[in-house]
Amino acid sequence: MESLPLSFYGVFAVGRRRVEGRLRMEQFLQVGVISSTHGIRGEVKVFPTTDDASRFKKLKKVLLDTGSERMELEIRSVRFFKQFVIVKFQGLDSINDVEKYKGKSLFVSRENAVKLEKDEYYIADLIDMEVHTKEGYFGVLRDVMQTGANEVYVIDSGEHGEVLVPAIRQCILDVDVENRKMKIQLMEGLI
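Counting restarts for each chain, with residues numbered from 1 along the sequence as it is written. Reporting in this predicted model follows two pLDDT cut-offs: at least 70 for local features of residues, and 80 or more for side-chain atom pairs to be given and counted; totals over whole chains, interfaces and linings ignore these cut-offs and use all residues. As a rule here, side-chain values cover all heavy atoms of the structure and leave hydrogens and water aside.

With a phi angle near 55°, Lys82 is a residue other than glycine that sits in the positive phi range. Only DSSP runs of H or I reaching four residues or more are called helices, and only runs of E reaching two or more are called strands; each is numbered from the N terminus. Its place among the elements puts Lys82 in the loop between strand E7 (70-81) and strand E8 (84-89). We call a residue buried when its accessible area falls under 20% of the maximum for its residue type, exposed when it is over 50%, and partly exposed in between, using a 1.4 Å probe and counting protein chains only. Looking at Lys82, the relative accessible area reads 71%, which means it is exposed. Positive phi, normally seen in glycine, also occurs at Arg180, with a value near 60°. Inspection of the secondary structure assignment puts Arg180 in the loop between strand E15 (172-176) and strand E16 (181-184). Overall, Arg180 belongs to the buried group, its relative accessible area being 11%.

Quick look at the structure:
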């Protein structure tokens, strides 16, 4: 049996709110975190929180969450260094301008996010999703671990505790983002 992994973009929602009795994700997705400054000319090292760091080449603007406000920043240049993205923002031209933003998150609106292909999902849309098996309700997806081969879903099951399920086609039968439900098949040995 073929073991093809599903694809996910590791972007996270800023927050959630209740609408019509169910959870609805906010419209902003995290694409990275500023880890440190880079040089003295205002560049920053960004740790990407997306599976596809090359997406930064296509971004024109991001929202910086300072903790007290969200600032829209225009991206002037992007280059890559090891696992980091080196970003230069318009108007931030010295190390003093960017040093205060270390540890702060960068977001894009859903409208500016990478378009998903079939069987691709934003992690933010999967978190807190109900998980069902053919027998019925199984638990709630609490986290997505990104490993080398494929992602692994961390599911809180009342009956079995924390269950780790690989995100492969043999285990993940259906994902209904709109209704916040996932159908899985447990392979032997998972519980």
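That covers the picture; the talk isn't over yet.
Moving on, we come to the nonpolar core. Take the buried residues of types Ala, Val, Leu, Ile, Met, Phe, Trp, Tyr and Cys, join any two whose side-chain atoms come within 4.5 Å, and each joined set is a nonpolar core. Core analysis: the largest hydrophobic core is formed by 23 residues, its most contacted members being Ile34, Val46, Val62, Val87, Phe89 and Leu106. Two residues form a contact once any of their heavy atoms are found within 4.5 Å. Discounting residues that sit within four places of it in the chain, Phe89 has contacts with Ile34, Val44, Val62, Leu73, Glu74, Ile75, Arg76 and Leu106. Ile123, Leu141, Val163 and Val175 belong to the second largest nonpolar core, which has 20 residues in total.

Moving on, we come to the side chain of Arg55. Topologically, Arg55 is positioned in the loop between strand E5 (43-48) and strand E6 (61-65). We classify Arg55 as buried; its relative accessible area is 6%. Each residue touching Arg55, except ones within four places of it in the same chain, is listed here: Val31, Thr50, Val108, Asn112, Ala113 and Val114.

Here we come to the environment of Lys181. Locating Lys181 in the fold gives a position in strand E16. Setting aside anything within four residues of it in sequence, one finds Lys181 in contact with Met129, Glu130, His132, Asp174, Val175 and Asp176.

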